[in-house]
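# Structure assessment
The residues making up each chain are set out below.
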Amino acid sequence: QVQVVESGGGLVQPGGSLRLSCAASGLTFSSYRMSWYRQAPGKERELVAGINSAGSNTIYVDSVKGRFTISRDNAKNTVYLQMNSLKPEDTAVYYCQARWLREYWGQGTQVTVSS
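Residues numbered from 1 in each chain as written. Predicted model: local features only at pLDDT ≥ 70, side-chain atom pairs only at ≥ 80, totals over all residues. Heavy atoms only, no water.

### Here we look at the nonpolar core
Cut-off, in case you're wondering: The term nonpolar core refers to a set of buried residues drawn from Ala, Val, Leu, Ile, Met, Phe, Trp, Tyr and Cys, joined through side-chain atoms within 4.5 Å. The buried label goes to any residue with under 20% of its type's maximum accessible area, the exposed label to any with over 50%, and the partly exposed label to all in between, with areas taken from a 1.4 Å probe on protein chains only. The way it works is that DSSP assigns letters per residue, a run of H or I at least four long becomes a helix, a run of E at least two long becomes a strand, and they are numbered from the N terminus. Contacts are assigned to residue pairs that have any heavy atoms within 4.5 Å of one another.
With 29 residues, the main nonpolar core has Met-34, Trp-36, Val-79, Leu-81, Met-83 and Tyr-94 as its most contacted residues. Elements represented by at least two residues in this core include exactly strand E3 (18-25), strand E4 (33-39), strand E5 (46-51), strand E7 (68-73), strand E8 (78-83), strand E9 (92-99) and strand E11 (109-113). Other than its neighbours up to four places away in sequence, Tyr-94 contacts Glu-6, Leu-20, Trp-36, Tyr-37, Arg-38, Val-48, Phe-68, Leu-81, Met-83, Gly-108, Thr-109 and Val-111.

Encoded structure:
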């Protein structure tokens, strides 16, 4: 049974940092491309960052470039999203996606950026 579980969300002040983690089990993690998506209230879900199976290639949405960093540890079956210089507009539920022959989603973790 495949499980994808996010953690690390919370409330942070503007300019602060958070590190999200996504642990996957029940799949061959090193074969999967991993991505972080987010969905703010009233908005569509958007791709935030993605990383290939080897961890050698990353992509980011323009609004987070230079502030967010995606990384993965294939030995721990975990992908991370380091978020720095957070802004109120980063407030959303953040979802982890594993994709190869099919895709799996986590349940999401809330990130709220507010003073």
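Picking up after the structure, the text goes on.
### Some remarks on the environment of Phe-29
Locating Phe-29 in the fold gives a position in the loop between E3 and E4. In this structure Phe-29 comes out as buried when scored by relative accessible area, which is 2%. Distance from Phe-29 to Gly-9, taken between C-alpha atoms, is 22 Å for residues 20 residues apart in sequence. Leave out the neighbours within four places in its chain, and Phe-29 touches Ala-24, Met-34, Arg-72, Asp-73, Asn-74, Asn-77, Thr-78 and Val-79.

### Focus on the sheet that holds E3
Formally: Only when DSSP finds a minimum of two bridges between them are two strands counted as paired. Every axis corresponds to a line fitted to the C-alpha atoms, with the helix fit spanning only the stretch in contact, and the corresponding angles, defined between N-to-C directions, vary from 0 to 180 degrees.
A sheet is described by the order of its strands in space; here four strands give the open sequence E1-E3-E8-E7, paired in antiparallel fashion. One side of each edge strand has no neighbouring strand; the edge strands of this open sheet are strand E1 (3-7) and E7. The mean inter-strand angle of the sheet, taken between neighbouring strand axes irrespective of direction, is 15°. In the sheet, E7 pairs with E8 via six bridges, with the strands oriented antiparallel. Residue pairing in the sheet places Thr-69 in a bridge with Gln-82 of E8.

### Structural notes on the pairing of E11
Only one face of E11 is covered, namely the face carrying Thr-109, Val-111 and Val-113; the face carrying Gln-110 and Thr-112 is uncovered. As paired elements, E9 and E11 share three bridges and run antiparallel to each other. Paired with Ala-92 across the bridge in E11 is Val-111.

### A few points about the state of the cysteines
A covalent bond bridging the sulfur atoms of two cysteines is what the word disulfide describes. Inclusion rule: Any two cysteine sulfur atoms lying within 2.5 Å of each other are counted as a disulfide.
All told, the structure shown has one disulfide when counted by the stated rule. In this model, Cys-22 is linked to Cys-96 through a disulfide, with the two sulfur atoms separated by 2.1 Å. Between Cys-22 and Cys-96, the disulfide has an S-S torsion of -80° and is therefore left-handed. With a gap of 74 residues between them, Cys-22 in strand E3 and Cys-96 in strand E9 connect regions that are remote in the sequence. The same class applies to Cys-22 and to Cys-96, which are both buried.

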